[in-house]
Amino acid sequence: MGLIDNINKLFDHRIRLGIMSILMVNDDVDFNRLKELLDVTDGNLASHTKTLEKADYIKIEKSFIGKKPNTKYMITRLGKEAFKKHIDALEHLIRNQE
Amino acid sequence: MDSKKYLDDISQIKDLMNRSSRFISLSGLSGILAGVYAITGALVAYFFLLPQDDSYVVIHGWNFKLIVGILITVAVLSFVSAYLLTTRKAKKNNEKIWDDTTKRLLLNFFVPLVTGGIYILIKLNSQHYGLTASLMLIFYGLALVNASKYTIGTVQYLGYTQIVLGLICAAMPGYGFWFWVVGFGILHIVYGSIMHFREEKA
């Protein structure tokens with residue numbers, strides 16, 4: 001088995017990796033908080049969350065706070081597992097290159 | 001493929017996990033100041049208010065009210081300095097002070113603290129003040145441990161130390177005042193200094 005096999009292509013991107021890192025340690029995070037932490041534009045963030053949602057790695061929950069729409073993001077169990085695998089693979093790669 | 005990119009990935013993951021879930025701008029200096037206020041308050045109480053001979057403090061007496069006044073002043077001064085110094089540090093680090101993490105931190109801190117405060121007041125009203133110092137230390141320690149998952153490591157250890165001190169204090173009646181001075185005064189200065197020197201190094 002090649003070492004690269006466990007590297008998740010979906011996480012091979014700074015913003016998607018960032019979204020997953022944040023959701024790993026927070027129960028739920030809303031759109032604006034993600035935007036602020038990752039320092040990205042609305043459109044950019046939306047397209048990456050959509051990609052992760054399609055892979056079933058994150059869940060999106062839409063609601064209203066008063067009249068303002070509020071979008072919350074949560075990690076799924078599948079997403080958690082995939083992310084852990086990805087981290088292990090990264091660790092492996094780094095170790096083997098030293 | 002170079003491992004440099006993967007190392008960057010790892011450090012980005014770590015940074016985002018910390019920034020999104022921990023409040024890292026807590027200032028060590030504010031801990032030192034809280035300790036200084038506590039010791040000053042205790043000295044004032046010791047020399048002017050606590051009974052010198054065999055008499056004792058009477059609930060609802062004038063000196064009891066003044067002692068409560070000193071406690072409140074020490075607490076308010078500590079919070080104000082913590083707020084000001086932490087805001088300053090957050091600005092310097094370009095961080096927002098009032099976000100989800102701060103809200104969680106404060107909620108987790110105040111639930112045990114307010115519970116303890118109310119409990120102590122109820123006990124005081126029924127003339128049970130022997131364990132006041134011990135209860136203050138224990139509940140404050142629990143508040144710190146509870147809040148520590150949203151902030152830096154030192155706070156957690158300060159919390160554990162306060163809890164242990166509070167328990168020892170409960171087993172040694174009569175020395176409450178001195179345990180209070182050690183817990184709220186000396187420990188704050190010690191842990192505050194550790195935090196402060198770590199900040200300077202970072």
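For the structure, see preceding data.
## Concerning the interface of chain B and chain A
Thinking step 1. Taken together, the 14 residues of chain B in the interface contact 14 residues of chain A.
Thinking step 2. By residue number, the principal contributor to the side of chain B that touches chain A is helix 1 (residues 3-21) of chain B, which donates 12 residues.
Thinking step 3. Per-class residue counts for the side of chain B that touches chain A are six nonpolar, four polar and four charged.

## Looking at helix 1 (residues 14-25) of chain A
Thinking step 1. An ideal rise of 1.5 Å per residue puts 16 Å on 12 residues; helix 1 of chain A measures up with 17 Å between its terminal C-alpha atoms.
Thinking step 2. Among the residues making up helix 1 of chain A, those that are buried are R16, L17, G18, I19, M20, S21, I22 and L23 of chain A.

## With respect to the packing of helix 5 (residues 132-147) of chain B against helix 7 (residues 176-201) of chain B
All names here are of chain B.
Thinking step 1. Axis separation between helix 5 and helix 7 bottoms out at 8 Å; the angle between their running directions is 25°. Between helix 5 and helix 7, the angle falls in the class roughly parallel. Helix 5 and helix 7 meet at a crossing whose hand is left-handed. On helix 7, the residues that touch T132, A133, S134, M136 and L137 of helix 5 are G176, F177, F179, W180 and G183.
Thinking step 2. A breakdown of the residues in the contact of helix 5 with helix 7 according to their chemical character gives six nonpolar, four polar and no charged.

## Section: helix 3 (residues 42-54) of chain A
Residues and elements named next belong to chain A.
Thinking step 1. Compared with the 18 Å implied by 1.5 Å per residue over 13 residues, the 18 Å span of helix 3 between its first and last C-alpha is a close match.
Thinking step 2. Those residues of helix 3 that sit buried are L45, H48, T49 and L52. One side of helix 3 carries all its buried residues, which in axial view fall inside an arc of 100°. Counted as exposed and oriented over 90 degrees from the buried face of helix 3: G43, S47, K50 and K54.

Rules used in this analysis
- Residues numbered from 1 in each chain as written.
- Chains lettered and ligands numbered in written order.
- Predicted model: local features only at pLDDT ≥ 70, side-chain atom pairs only at ≥ 80, totals over all residues.
- Contact = placed C-beta atoms within 7 Å.
- Helix = DSSP H or I, 4+ residues; strand = E, 2+ residues; numbered from the N terminus.
- Nonpolar A, V, L, I, M, F, W, Y, C, P; charged D, E, K, R; others polar.
- Expected span 1.5 Å × (residues − 1).
- Buried ≥ 20, exposed ≤ 12 C-beta atoms within 10 Å, placed from the backbone.
- Axes fitted to C-alpha atoms, helices over the stretch in contact; angles between N-to-C directions.
- Parallel < 35°, antiparallel > 145°, perpendicular 65-115°, else oblique.
- Left-handed = near helix turned anticlockwise from the far one by under 90°.
- Arc of directions from axis to C-beta.

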